[in-house]
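Here is what each chain is made of, one letter per residue.
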Amino acid sequence: MAIGAWLGAVAALLVAGHLAGTIQLPNGAQDVGPSGQAEQMISRDFPRHAAEDVLFDSRTLRVGDPAYQAAIRDVLSRIQATGRVTQVQSPLDPRFANQISATRHAALLQFRLTGSVADSATRVVPVLAAVRTAAADHPLIQIAETGDASISKAIDDTVLRDLHRAELLSFPITLVVLLIAFGAVVAALLPLGLATVAILAANGLVAFTSRLSGLGVQATSVMLLIGLAVGVDYSMFYVKRQREERAAGRPVLEAIETAAATSGRSVLISGLTVLLAMSGMFLTGSTIFYGIGQATMLVVAVAVVASLTLLPALLALLGDRVDRGRLPFAGRLRRPAGQSRFWTAVLDRVLARPALTAALAVGVLVVLALPVLRLHTATPGASDLPQQTAALQTYNRIQQVFPGGGSPAVVVVEAPDVTAPAVVRAGQAFERAALASGQMNQPITFIVNQARTAAIIQVPLAGTGEDAASIRALATLRDKVIPDTLARAPGVRVAVTGETAGSADFNARMDQRSGWVFAFVLLFAFVLLLVSFRSLVIPATAVLLNLLSVAAAYGVVVALFQWGWGQSLLGFTSVHSVASWLPLFLFVVLFGLSMDYHVFILSRIREAYDRTGQTEVAVASGIKTTAGVVTAAAVVMVFVFLTFATLSMIQLKEMGVGLAVAVLLDATVVRALLLPATMKLLGPRNWYLPRWLGWLPQPSRPAVPPGGPPAVSPGGPSARPPVGALGP
C-alpha cells in the first residue's frame, strides 16, 4: 500500500508540476542593492525588452564604403521584416555616429526585441536567422549578433545540453559503484531508485514553490546533484544496516526494525541537519539563493521521507530477494561485518599514532585552503559560456573594438521631465565627464521613455566587465561622475545597474549577510548534534572538522578556476574569478552533506561506546564497520559531482569540482584520519556533558546484546549472509 501510494503521489506531482510550469528567474530579478533598485526603475518606466547588438567588422572596408553601408541597410531591413525589433539605432544615423569605431572598420547596430525579456530567448530565433542570412550575402564584412537574448538562448541551450549529459553520465556511474558496493543487482537498484523518486517528486513540487521567488539557472542542476547524492546516501546507510542485521541471523522484519531504529535515526538527524544548513540560504536576501534553497530543501526532504517510509516497505516486500542478481566477485571483496581491508589497516595505524596523524591531516587541509585568501568573485556573464559559442565570440570582439561595449553600465535616470533643459545639460556634462575620466568609452547611448519621465544611459566601462579595472570604473561612475553631473539636476533620481554593478552589489550583499548565514548554520548544527549525542565536545569537533574541509575545497576551487591551474585539464578558459554565488552555496551544502557521514559514523561509535564504555574500542569498531558504506557513498558523490566538471558552463564546473573535492577530502582525510585521531586523543572527554545540560533528552537506542548482534546459527536459512560488501 505504501509503495502504491508513493508511486501515485510521484506521478501526480509530475503531471501537476508540468501543467503548472516552473517560473524561471529573470536576469534583472537577481540583482540586489543599488543595481536592484535600478532594475526596479527600469521595470517601472520602460517596457522590458532584451537589448541586442549586431557587430559589423571588416579588415578592408570602412563604414563610408557603399558595400559596407549596403550591408548595414540589408541587416536593418531583414531584422525589421521579422516584426520583432524595436528602438533600432543604426550607425548610419548621425545621432548614433558614436557606434562607429575610431578606425571606421567596425560598427554596431543596436536594437531591442519586442515582447518580454522572459521569452526573449525564443523570440530572438528569427532575428538571429535573418542576421546569419545577411552575413552570408556580404562575405567581405563579418556580421554577427550578440546581446541579452542571444546570450540567454545560448545559456538555455548549453544548460539543457549539459543537464542531459550529466544525467547520461551520473546514473550509470552511480549504478556501477552501487553494484560493486552491494554485490547484488536488486540491492544496488534500491538506492538509485529512491534517489530517482526523490528527484522526480521534487521536480513536481518545485513548479509550485517557484512562484514564491523563481528559479535561477543553477537550481535545476543543484537539485539533480543533491537529490542523487542524498538519495543514494540515505538508502545505502539503511540497506547496509538491514543486511548486516540479516547476516547476524535476525528475521527480515526484525532486521528492518533495527535498521529503522539505528540507521533510520541517523538518516533523520542527517536530513534535518542538511535542511537546517540549506535554510540558511534564505538569510542571504538574494533571489538566486531563494531558488537554490527551495529546490535543494525539497529534494532532501523527499529523500528523507522516502528513506523512512518507502524504503522499509520495499525491503519488507523483497525480503531476502534483495540479494538477487549476485555478482560473482563480490564475496572476495568482503570481510566480516562489512569491514574494509584497506580502511582497517589505515585505522590501526591512525590509532597507533593519533597526534602525528592529526597534525599531518590538519597541515594538508590548511595548505589546500591557503588560496582562499586571494578569493575574487564575480557574477557569471557571457564569459561563463564555452569559448566556441557564437554569441560569446561576438561579445568578446565587441569588447575589443568598443572596450566595455559588451557589458556596459546601465545608468537609469528618473525626473519629472528628463528632456527639461537642466536635465539635458546634466546629461551632456555626464557624457563629457565619463569620457574625460579615461575609464569609460564610446558608444554612450541614451534612451528616453514615452512619458519623458525616465532615461537609460548605457556607458561602456574599462576592463572586461568582471575585472578590477571595471570595478574601479564603476566606482568612479557612482562616486564621482554621477554626483558631479546628473545628481545635481533638480528632481533627478539616479541608479546604476549592469553586469559589473550587479556583481559588485551582489558581493557587497554577501559580505553583509555571510556572517549571519555562517552563524545560523553552525549554531543549529551544533545544537542538533548536542541534542542527538548528549555531548559538548562531539558537536564542537564536528563543526571544526567541517570548516576545515570546506576551507580546503574553497582553496582548490580558487587555484583551479580563478588562477587557472585546471584550464587544460578541465577544458575551460579562466575568467580569473569564481562565480559570486558559489562560496556561500558550497559552505551551506557541504556543511550539510558532510553531516551525513559524520552522523552515521558517530551513531555507530556511540552504539559501540554504550556497549563497551571504551572510547578507543568504540572508535575502531564504529569506523571499521562504517568505512565500507561511507567509502561507497563518497565514491558515488564524487563521481556524480565530477560529471559536472565535464559540462560546458564554467560555474557548473566550479560547483561540481568544489563539491567533489570537499566530499573526497571529507570522506578520507577528515573522517578516516582526523576524526579517529581526534577522538582517540580526547578519549573520555568526547562524551563530556556538563551537569546543567543533564535535562537533555536521552535518545532511545536499540537493544543490542553485550557481545554484539546475535550469533548466526549454523545451518538454517537465516544463517546465509547476504553477498556483497559495502566497499573493498
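Only a predicted model underlies this, so the values are computations on that prediction, with no experimental measurement involved. (Residues numbered from 1 in each chain as written. Predicted model: local features only at pLDDT ≥ 70, side-chain atom pairs only at ≥ 80, totals over all residues. Heavy atoms only, no water.)

1. Let's talk about the overall build of the protein chain
Across its full length, the protein chain holds 23 helices and 10 strands. Against the globule reference of 27 Å for 728 residues, the protein chain gives a C-alpha radius of gyration of 30 Å, in line with a compact fold. The dimensions of the protein chain, computed from C-alpha atoms along their principal axes, are 95 × 50 × 45 Å. Among the 728 residues that make up the protein chain, the fraction classed as buried is 57%. Across the protein chain, the fraction of contacts at a sequence separation of at least 24, relative to all contacts at a separation of at least 6, is 80%. Summed over all atoms, the accessible surface of the protein chain reaches about 28,400 Å², with 64% contributed by carbon and sulfur. Counting 55 positive and 42 negative side-chain charges, the protein chain places the averaged centre of each group 8 Å from the other. (Helix = DSSP H or I, 4+ residues; strand = E, 2+ residues; numbered from the N terminus. Rg over C-alpha atoms; globule rule 2.2 N^0.38 Å. Buried < 20%, exposed > 50% of the residue type's maximum accessible area, 1.4 Å probe, protein only. Contact = heavy atoms within 4.5 Å. Areas by Shrake-Rupley, 256 points an atom, 1.4 Å probe, with all protein chains shown as cover. Lys, Arg positive; Asp, Glu negative; His and termini not counted. Charge placed at Lys NZ, Arg CZ, Asp CG, Glu CD.)

2. Some thoughts on the pattern of salt bridges
The final tally for this structure, using the stated rule, is 22 salt bridges. Where Lys-240 meets Glu-244, a salt bridge forms, and the shortest distance between an N and an O atom there is 2.4 Å. Here Lys-240 and its partner Glu-244 are both found in helix H8 (residues 217–247), four residues apart, which amounts to about one turn of the helix. Asp-484 is paired through a salt bridge with Arg-488; the nearest N and O atoms lie 3.8 Å apart. (Salt bridge = Lys/Arg side-chain N within 4 Å of Asp/Glu carboxyl O.)

3. Topic: the sheet that holds strand E2 (residues 85–89)
With respect to topology, four strands assemble into an open sheet ordered E2-E3-E1-E4, the strand pairing being antiparallel. The open sheet has two edge strands with one neighbour each: E2 and strand E4 (142–147). Between one strand axis and the next, the sheet turns through 25 degrees on average, direction left out of account. As paired elements, strand E1 (residues 51–57) and strand E3 (residues 106–113) share seven bridges and run antiparallel to each other. Within E3, the residue paired with Leu-55 across the bridge is Leu-108. Of the strands in this sheet, E1, E2, E3 and E4 touch helix H5 (residues 125–137), which is tilted by about 165 degrees from E4. Lying on the sheet, helix H15 (residues 390–401) is in contact with E1, E3 and E4; it crosses E4 at an angle near 100 degrees. (Pairing = 2+ DSSP bridges. Axes fitted to C-alpha atoms, helices over the stretch in contact; angles between N-to-C directions.)

4. Remarks on helix H23 (residues 650–682)
The largest bend along H23 reaches roughly 45 degrees and is located at Val-670. Taken across its 33 residues, H23 has 27 buried, putting it largely inside the fold. Positive phi shows up at Gly-683, right after H23, with a value of about 60 degrees. (Bend = angle between axes of the 7 residues up to and from the residue.)

5. Observations concerning the sheet that holds strand E8 (residues 454–459)
Taken together, the four strands give an open sheet; going across it, the order is E7-E8-E6-E9, and neighbouring strands pair in antiparallel fashion. If you trace the sheet from one side to the other, it starts and ends with strand E7 (445–448) and strand E9 (493–497), each paired once. Adjacent strand axes in the sheet meet at a mean angle of 20 degrees when their direction is disregarded. With six bridges joining them, strand E6 (residues 409–414) and E8 adopt antiparallel strand pairing. Bridged to Ala-409 within E8 is Val-459. Across the sheet, helix H17 (residues 468–484) lies against E6 and E9, angled at about 170 degrees from E9, the strand it touches most.

6. Considerations on the side chain of His-49
Topologically, His-49 is positioned in the loop between helix H2 (33–45) and E1. Of the polar contacts made by the side chain of His-49, one reaches the backbone oxygen of Leu-113; its length is 3.0 Å. (Polar contact = N/O pair within 3.5 Å; in protein donor to acceptor, adjacent residues only side chain to side chain.)

7. A closer look at the nonpolar core
Of all hydrophobic cores here, the largest spans 155 residues; its most connected members are Val-300, Trp-581, Phe-585, Phe-641 and Met-655. Looking at this core element by element, the count peaks at 19 residues for helix H21 (residues 582–612). Contact partners of Val-300, with chain neighbours within four places excluded, come to Ile-226, Val-230, Tyr-234, Gly-271, Val-274, Leu-275 and Met-278. Within the second largest apolar cluster, 27 residues are counted, among which are Val-75, Ile-79, Leu-128 and Ile-141. (Core = buried A, V, L, I, M, F, W, Y, C linked by side-chain atoms within 4.5 Å.)

8. Comments concerning a nonpolar patch on the surface
On the surface, a cluster of nonpolar side chains totalling about 460 Å² of accessible area is made up of Val-362, Val-366, Val-367, Leu-370 and Leu-373. Mapped onto the fold, Val-366 is located in helix H14 (residues 354–369). Under the relative-accessibility criterion, Val-366 is labelled partly exposed at 39%. (Patch = residues over 30% accessible without salt bridge, like charges linked within 9 Å, V, L, I, M, F, W, Y side chains within 5 Å.)

9. As for the packing of helix H3 (residues 66–81) against H5
Viewed as axis vectors pointing N to C, H3 and H5 meet at an angle of 155 degrees, and their least axial separation amounts to 9 Å. One way to sum up the angle between H3 and H5 is to call them roughly antiparallel. H3 and H5 meet at a crossing whose hand is right-handed. In this structure, H3 contributes Asp-74, Val-75, Arg-78 and Ile-79 to the contact, and H5 contributes Val-127, Ala-130, Val-131, Thr-133, Ala-134 and Asp-137. A class-by-class count of the residues in the contact of H3 with H5 yields six nonpolar, one polar and three charged. (Parallel < 35°, antiparallel > 145°, perpendicular 65-115°, else oblique. Left-handed = near helix turned anticlockwise from the far one by under 90°. Nonpolar A, V, L, I, M, F, W, Y, C, P; charged D, E, K, R; others polar.)

10. Observations concerning the environment of Val-32
By the element assignment, Val-32 lies in the loop between helix H1 (2–20) and H2. A sequence separation of 475 residues divides Val-32 from Asn-507, and the C-alpha atoms of the two residues are 9.5 Å apart. In this structure Val-32 touches Gly-285, Ser-286, Asp-505, Phe-506 and Arg-509, once residues within four positions along its chain are discounted.

11. Observations concerning the packing of aromatic side chains
Inspection of every chain in the model, using the stated rule, returns 10 aromatic pairs. Note on Phe-289 and Phe-506: the rings are 6.2 Å apart at their centroids and 20 degrees apart in plane angle, and the pair reads as stacked. Of this pair, Phe-289 sits in helix H11 (residues 287–308) while Phe-506 sits in helix H18 (residues 499–533), and the two are 217 residues apart along the sequence. Phe-506 shares its class with Phe-289; the two are buried. Plain terms: the ring middles of Phe-518 and Phe-587 are 3.8 Å apart, the flat faces sit at 5 degrees to each other, and that makes the pair stacked. Here Phe-518, found in helix H18, pairs with Phe-587, found in helix H21; they are 69 residues apart in sequence, far enough to count as distant. (Phe/Tyr/Trp six-rings, centres within 6.5 Å; stacked < 30°, edge-to-face > 60°.)

12. Notes on the pairing of E8
Among the six residues in E8, six count as buried, and that is most of the element. Both faces of E8 are covered, namely the face carrying Ala-454, Ile-456 and Gln-458 and the face carrying Ala-455, Ile-457 and Val-459. Inspection of the sheet shows E7 paired to E8 by four bridges, in the antiparallel sense. Directly across from Ile-447, in E8, lies its bridge partner Ile-456.

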